[in-house]
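Observations on chain architecture
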Number of protein chains: 2
Amino acid sequence: MKRLVVIAALVGALPALAEEGMWTYNNFPSAKVKQQYGFEPSQQWLDKVRLSSARLAGGCSASFVSANGLVMTNHHCARGCIEQLSTGEKDYIANGFYAKTQADETQCPAMEVNQLSEIVDVTERLNTATQGLTGKPYNDTLKAEMSKIEKECATSAQVRCDVVTLYQGGRYNLYKYRRFQDVRLVFAPEHAIAFFGGDPDNFEFPRYDLDVTFLRVYQDGKPAPTEHHFKWSRAGVKEGELTFISGHPGRTSRGLTVAELEYQRDVAMPRQLLLMAEMRGVLTEFQKRGPEQKRISSNMLFGVENALKANKGRLEALRDKQFFAQKVAAEQELRQKVEASPELKKKYGAAWDEIAKAQEQLKHVRKELGYIEQGFGFSSQLYNIAKALVRAADELPKENSKRLREFNEANQPAFKAQLFSPAPIYPEFEITRLEFSLTKLREELGPDHPFVKKVLGKESPLTMATRLVNGTQLRDVKARQALFAGGKKAIEASQDPMIRLAALVDPDGRAVRKNFEENIDSVIRKNSELVAKAKFEVYGTNVYPDATFSLRLSYGSVKGYMEDGKKVAPITTMAGTYERHTGEDPFALPKTWLDTQGKLKLNTPMNFASNNDIIGGNSGSPVINKNAEIVGLVFDGNIQSLGGEFGFDESVNRAVSVHSEAIIEALQKVYGATRVLDELRPSKQPSVKAKPAG
Amino acid sequence: MKRLVVIAALVGALPALAEEGMWTYNNFPSAKVKQQYGFEPSQQWLDKVRLSSARLAGGCSASFVSANGLVMTNHHCARGCIEQLSTGEKDYIANGFYAKTQADETQCPAMEVNQLSEIVDVTERLNTATQGLTGKPYNDTLKAEMSKIEKECATSAQVRCDVVTLYQGGRYNLYKYRRFQDVRLVFAPEHAIAFFGGDPDNFEFPRYDLDVTFLRVYQDGKPAPTEHHFKWSRAGVKEGELTFISGHPGRTSRGLTVAELEYQRDVAMPRQLLLMAEMRGVLTEFQKRGPEQKRISSNMLFGVENALKANKGRLEALRDKQFFAQKVAAEQELRQKVEASPELKKKYGAAWDEIAKAQEQLKHVRKELGYIEQGFGFSSQLYNIAKALVRAADELPKENSKRLREFNEANQPAFKAQLFSPAPIYPEFEITRLEFSLTKLREELGPDHPFVKKVLGKESPLTMATRLVNGTQLRDVKARQALFAGGKKAIEASQDPMIRLAALVDPDGRAVRKNFEENIDSVIRKNSELVAKAKFEVYGTNVYPDATFSLRLSYGSVKGYMEDGKKVAPITTMAGTYERHTGEDPFALPKTWLDTQGKLKLNTPMNFASNNDIIGGNSGSPVINKNAEIVGLVFDGNIQSLGGEFGFDESVNRAVSVHSEAIIEALQKVYGATRVLDELRPSKQPSVKAKPAG
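Residues numbered from 1 in each chain as written. Chains lettered and ligands numbered in written order. Predicted model: local features only at pLDDT ≥ 70, side-chain atom pairs only at ≥ 80, totals over all residues. Heavy atoms only, no water.

Let's talk about the packing of helix α9 (residues 258-286) of chain B against helix α10 (residues 291-319) of chain B
Residues and elements named next belong to chain B. The geometry of α9 relative to α10 is characterised by a closest axis approach of 9 Å and an angle of 155 degrees between their N-to-C directions. Looking at the two axes, α9 sits roughly antiparallel to α10. Considering only the axes of α9 and α10, their crossing is left-handed. Considering only residue class, the contact of α9 with α10 consists of 17 nonpolar, six polar and six charged. (Axes fitted to C-alpha atoms, helices over the stretch in contact; angles between N-to-C directions. Helix = DSSP H or I, 4+ residues; strand = E, 2+ residues; numbered from the N terminus. Parallel < 35°, antiparallel > 145°, perpendicular 65-115°, else oblique. Left-handed = near helix turned anticlockwise from the far one by under 90°. Nonpolar A, V, L, I, M, F, W, Y, C, P; charged D, E, K, R; others polar.)

So this is what it looks like as structure tokens:
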């Protein structure tokens, strides 16, 4: 059984174990690293690494790897763009992409790259603003103050500012980013090698993938100068060597209370999994309709399968009785310490029960919240566009701090890029998705629920989905622009059926959201803040916060592990890639690889495992050595890492990366991508010519 | 929230609550019924009801309703047959079926009806045989003695004998049935009214379905005389009136130990649900390929959706913390009583821990057992046929008691009916199912599992499924007969690819099964016997056993319940059926109903709820009054009844039935099915003519 056997420390409860932690850049344990690895990252080193790191706003990590805006990330992080740029005739997912000249670099329809330029602690300011408040006033004030801070900070569209909630509210930090919205595709290998082994090998190790893509950020139509960037290591990395990973872990839940974990384990995650499993079945079979249908649905299928496998692993960790018992014990210990001090008890004693009560309430509203407001009932790009337009017409005229949070001034650049993205939308696929989600809406709320009756009327989900998708004009970006510009009047006058649906749903969506935010979420937030503060008071602040898709640094080394009594070696080779080839998808290598097998140095390291503490969102993160040179590219975690959402188990939890040498070898000998190579290793110009392997 | 709020008594632990219990005919609490309802069923009454009840061997209940072999069951119980008799041109699922003359009654390809003629207690004989044994010897001996008993009893193909394990092994009873294998379709309404409301309304109440089908058992090519049968009630049934349900509940798990329940809750059920959810997605989308694909996959989709919804409800009950805590408390109480007595402790004290250990072991083998041996990896009718042929060649030459249990002499009539069934098999659908299950095999065991490598080789699941299904001859019944007749030699010589696959899998399948039976299942069986005996000694024998798809009798009355603070009335009317019509599937009434709306007495009771304790397998059971007259036809339970697998909650658990008056009204005025009507109510001949409703 692959699962957590040694239990990790708990965020904010006990000191972190060696290698544990996704540390913020303003609280990195450099001394601890020195103690263990003999190298102490300096402030200068940390600043350089921070500024050379990048975030893909859609949910991934990346890095700057040249002075001319070249960005390295995973293929699976860029595949939305690669698919959007493809057509039935020019299928870059199947065949890969390489811009032979700069002019061939093609803009991604809706991609945003962020570079973290500054972190400012705003805890005091927010605490002062919300002092003494609870419920709706607490929620409104917190939201308004956050918006205010972000607006003050975001002085142009090139600046992005997010107030990040850390330690469940124990700290609030303002993260200020340089924002790039003109991002172009430079190089991508074929999907078959980027995701070699497909879903069966996903989250597994040993592994043999070239999950890499290069992008370039532009400014004013030219490659953006990126002074801060990582150099490429000449030596790569070997077993036992120190590795840092700088990236954006999306979410961990190590600091949640037992009540919150139980809710995840018993209510939220099982339902999510069932929904995803069914959707996977629909997508798998939709792909059989034909090659074009396969092409246009592959990205979503990848996303669903990836999430499904990840969430199965996470849930397995929570269902591990021994693991969960330790979570319970840790909470009990903290609560006893709080109870033992009259002062602490008065401030924090009630927080856990308040959170538990809110979780109970959440059970009663979660279906309506999810299906009416959060998109489960209307899974359609066109619906999302309609909803954005309908709400924008109401929200944008309001004062900034009174808006729904996603309509804040600070969010406008991202919002508009998304709304006016020229990425293609495929009606056949939209109908399938919308029919599916309307069916789930009816199933989960029940056919007699007033909202379901109001929305479906006498139509079946298929009839309605077909009517809406075929009748709407929203595939046309100009139609969106006109409605956006026309504001409330244009929305009210519009006969577009998708706009009318979004307008019909809007009041119900706002109502369930309002109830959730004011009566449940605000209670959880407020009391989570208290729990976090109690932890600080009891255990100190030398701890890392849960992941929040903000920049973090982790450390560790290239290291194998034991599985089913056998040692798993930490590094695979290119030879292993060929051994795994069967000729049948997903174990079929692309023709370029079969044709060049003879030229490759087959003992080149392909992928490697390291005990850095990472999680989903870290995909695309650079792996660097102590000289801040690229030695790898994170693309996955092993199956044991999935429980990392709830606790870190150093004995088996591993990050999985493409080795820097494999990237060079492939760019050079398989793809002849000399433009990229020369930029990665400028000192080596001109690039080494391909030669037959010995 | 719809879920168990009041906790039921636990099988064999405490005396049953009022209305609780699926009682065996040899231990029915007549006195208790008298006490509560003033009517005491006599032995004669019980015998008559038992002999008028019927079982569909495929997994449903039924009843004899005329002296000429007329059998009433649910449409959803007969829909396998109805689909098998249909073609693209003559679609009886869509259009219904009515044999206007006896000559039009059409034989179902593989249906078996059983009538319970005798129950004999064989506990002593089996206990004596297995005395002092454990592990493999226990298992072998128990199995051999059961086979021997069954063979002695089954004196002809018209006699079916099953040794039934009751009270988890506390009792063994021999159930002797009269077996009918020539079963013909007489009448079925359209699917649209039989399953009106479809999956959204399934397991819901109020309800408006005409889920009825009439079959007829034949003997020697003529309608079989059935002296014992139910008469039709003239008055139907009203709120508050006493109702009995005589049928075959399939499985309850009320007597399981906590370790077994935890295994179900945390391991088995979540995985099953995910598999079914994904399969549902595949099937839903497969149906979009075209009307013929929709037709041939509908029965399976119904089965999957039905099981999915049922299992979600069951799992929700187990995840109810309060409910589960009571299960734990009840077990602790029993164990304490056992521990308190040196004698009991010696005999039974270790049983619970032994079961818990076996459950732990099961976790490690469950995937291999399920995917290699129990069919999850090879979900295909053609594969099942191949496996049956391959194993029959090995098993049938063995002495009866040494065979795998399903190859016993006593099982041969059913086995052959299944194996040589002329029911159509559709290659396109087979490929889809087989590809899906091979993909799951690879996913669950992993692509590097030796068995997966051996089976798939370098083929993808799709390539392999296509090659096997298109290459096999097993769709042809004659090919099966030849291989069966040719025995081991014919199997070994066969180049049929499906036979070769089954032969390749066979040793692995036997090995995992042997390990499971000898080291896990036998431990659970043996120790469950001990737990059952401990319960008898502590609490007495005035209890009912868990359901085992053997004939049971439950009692109760027509009764509403409270849901979300509102009273749900127990009886719906035909008028409600029309009100629920939207014109769109699954809320579209068939044309026959729309055309005859004006003729119907719209206040005729349509469906009703009663607090009888039933569960899946009871579908098709007759609901009778104290005169043993038909007043309804069970077709469902409400959503709250799903937790009934683990405990009965009288306050909300309801059986849902078609009212006898609705059946008469529809047969008469919608379908003009006078042949059936006259047979159901012989005294009323000739049937009442249809007349316009007032």
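We are not done yet, so read on.
Some remarks on the packing of aromatic side chains
A ring pair, where both rings are aromatic, is described by two values, the distance of the centres and the angle of the planes. Tallied over the entire structure, the rule returns 46 aromatic pairs over all chains. Between A:Tyr167 and A:Phe536 the ring centres are 4.9 Å apart and the planes differ by 70 degrees, which places this aromatic pair in the edge-to-face class. Of this pair, A:Tyr167 sits in the loop between β7 (159-166) and β8 (171-180) while A:Phe536 sits in helix α20 (residues 497-539), and the two are 369 residues apart along the sequence. Accessibility assignment for this pair places A:Tyr167 and A:Phe536 in one class, buried. Summarising the aromatic geometry, the rings of B:Phe196 and B:Phe587 are spaced 6.4 Å apart at their centres and angled 85 degrees between planes, so their arrangement reads as edge-to-face. Of this pair, B:Phe196 sits in the loop between α7 (191-194) and α8 (198-201) while B:Phe587 is found in the loop between α21 (574-579) and α22 (591-596), placing the two residues 391 residues apart along the sequence. There is no split in this pair, since B:Phe196 and B:Phe587 are both buried. (Phe/Tyr/Trp six-rings, centres within 6.5 Å; stacked < 30°, edge-to-face > 60°. Buried < 20%, exposed > 50% of the residue type's maximum accessible area, 1.4 Å probe, protein only.)

Quick notes on the interface of chain B and chain A
Taken together, the contact between chain B and chain A spans 44 residues of the former and 44 residues of the latter. Note on chain B versus chain A: buried area summed over both sides is about 3,800 Å², and carbon and sulfur give 47% of it. Ranking the residues of chain B by area buried against chain A places B:Leu274, B:Glu285 and B:Arg319 at the top, with a combined share of 15%. Viewed at the interface, chain A and chain B are joined by 16 salt bridges. Across the salt bridge formed by B:Glu278 and A:Arg280, the nearest N and O atoms sit 3.3 Å from each other. When contributions to the side of chain B that touches chain A are tallied by element, the ones reaching two or more residues are α8, α9, α10, α13 (351-373) and α16 (427-445) of chain B. Take the side of chain B that touches chain A: its biggest share by element is 13 residues, from α9(B). Of the residues in the side of chain B that touches chain A, the class split is eleven nonpolar, seven polar and 26 charged. (Contact = heavy atoms within 4.5 Å. Buried area = accessible area lost by both parts, 1.4 Å probe. Salt bridge = Lys/Arg side-chain N within 4 Å of Asp/Glu carboxyl O.)

Some words on the side chain of A:Thr572
Within the secondary structure, A:Thr572 sits in strand β17 (residues 571-573). Sequence-distant contacts of A:Thr572, defined by excluding residues within four places in its chain, comprise A:Phe205, A:Pro206, A:Arg207, A:Tyr208, A:Thr604, A:Pro605, A:Met606 and A:Asn607.

Thoughts on the pairing of strand β7 (residues 159-166) of chain B
All names here are of chain B. Across the eight residues of β7, seven count as buried, placing the element largely inside the fold. Across eight bridges, β7 lies against strand β8 (residues 171-180) in antiparallel orientation. Along β8, the bridge assignment pairs Thr-165 with Tyr-172. Between β7 and β8, which pair antiparallel one after the other, the connecting turn spans four residues, and Tyr-167 there sits at a positive phi close to 50 degrees. (Pairing = 2+ DSSP bridges.)

Digging into the relation of the copies chain B and chain A
Take chain B, turn it by 180 degrees, move it 0.0 Å along the axis, and it overlays chain A with an RMSD of 0.0 Å. The symmetry that links the two subunits is that of a two-fold axis. A share of 100% of interface residues in chain B that are also interface residues in chain A marks the association as one of identical surfaces. (Least-squares fit on C-alpha atoms with pLDDT ≥ 70 in both.)

Side note on the environment of B:Ile615
Residue and element names in this part refer to chain B. Note on placement: Ile-615 falls in the loop between β18 (605-610) and β19 (622-624). Among the residues examined, Ile-615 registers a relative accessible area of 9% and is labelled buried. Distance in space between the C-alpha atoms of Ile-615 and Gly-247 is 9.7 Å, their sequence separation being 368 residues.

Quick word on the domain arrangement of chain A
All names here are of chain A. Domain boundaries assigned for chain A yield domain 1 (8-112 + 181-251 + 553-680) and domain 2 (258-539). Placing a centre on the C-alpha atoms of domain 1 and another on those of domain 2 gives a separation of 29 Å. With 31 residues of domain 1 at the interface, the matching set in domain 2 holds 33 residues. Both faces considered, domain 1 and domain 2 share a buried interface measuring about 2,700 Å² in area, 58% of it formed by carbon and sulfur atoms. (Domains from an automatic or database assignment.)

Here we look at the nonpolar core
Counting residues in each nonpolar core, the largest one holds 150 residues, and the members touching the most others are A:Phe378, A:Met498, B:Phe378 and B:Met498. With residues near it in sequence (within four places) discarded, B:Met498 still touches B:Ser380, B:Leu382, B:Tyr383, B:Ala386, B:Leu434, B:Leu468, B:Val469, B:Thr472 and B:Leu474. (Core = buried A, V, L, I, M, F, W, Y, C linked by side-chain atoms within 4.5 Å.)

Let's talk about helix α19 (residues 477-493) of chain A
Residue and element names in this part refer to chain A. Here α19 contains 17 residues, and its C-alpha end-to-end distance of 18 Å is more than 12% below the 24 Å for a straight helix at 1.5 Å per residue. Val-477, Ala-479, Arg-480, Leu-483, Gly-487 and Ile-491 are the residues of α19 that are buried. As for α19, its buried residues are in contact with α14 (381-395), α15 (412-419) and α20. For α19, the capping residue at the N-terminal end is Asp-476, with a side-chain oxygen 2.9 Å from the backbone nitrogen of Lys-478. (Expected span 1.5 Å × (residues − 1). Polar contact = N/O pair within 3.5 Å; in protein donor to acceptor, adjacent residues only side chain to side chain.)

Thoughts on the side chain of A:Asp201
Relative to the helices and strands, A:Asp201 is located in helix α8 (residues 198-201). Those residues in contact with A:Asp201, other than ones at most four positions away along the chain, are A:Phe196, A:Arg207, A:Lys309, A:Arg580, A:Phe587 and B:Pro447.

Things to note about the pattern of salt bridges
All names here are of chain B. Under the criterion given, the structure shown has 134 salt bridges over all chains. With a shortest N-O distance of 3.2 Å, Asp-353 and Arg-335 are connected by a salt bridge. Placement of Asp-353 in helix α13 and of Arg-335 in helix α11 (residues 321-340) is noted, with a sequence separation of 18 residues between them. With relative accessibility at 42%, the residue Asp-353 sits in the partly exposed group.

Remarks on the state of the cysteines
Residue and element names in this part refer to chain A. This structure, assessed with the given rule, holds six disulfides over all chains. Across a sulfur-sulfur distance of 2.1 Å, Cys-81 and Cys-108 are joined as a disulfide pair. Classification of the bridge connecting Cys-81 and Cys-108 rests on its S-S torsion, roughly -75 degrees, and on that basis the disulfide is left-handed. One end of the pair, Cys-81, is in helix α3 (residues 75-85); the other, Cys-108, is in the loop between β5 (106-107) and β6 (113-121), with 27 residues separating them in the sequence. (Disulfide = S-S within 2.5 Å.)

Some points on the confidence of the model for chain A
Residues and elements named next belong to chain A. Across chain A, the average pLDDT comes to 94, with 96% of residues at 70 or higher. Throughout residues 1-10 the model reports pLDDT below 50, and contacts reaching past four residues in sequence, or to other chains, amount to 36 contacts. Of the two predicted TM-score estimates for the complex, the pTM is 0.93 and the ipTM is 0.92. (pLDDT = per-residue confidence, 0-100.)

Points about the pairing of strand β2 (residues 60-64) of chain B
Residues and elements named next belong to chain B. Of all the five residues making up β2, five are buried; the element is thus mostly covered by neighbouring parts of the structure. Going residue by residue along β2, you find Cys-60, Ala-62 and Phe-64 tucked away on one face and Ser-61 and Ser-63 tucked away on the opposite face as well. Strand direction decides the pairing type here: strand β1 (residues 53-56) and β2, joined by four bridges, are antiparallel. Within β2, the residue paired with Ala-54 across the bridge is Ala-62. Adjacent in sequence and paired antiparallel, β1 and β2 are bridged by three residues, among which Gly-59 carries a positive phi angle near 135 degrees. Judged from the two bridges that link them, β2 and strand β3 (residues 70-73) form a sheet pairing that is antiparallel. Bridge pairing links Phe-64 to Val-71 in β3. Between the antiparallel neighbours β2 and β3 lie five residues, among them Gly-69 with a positive phi of about 80 degrees.

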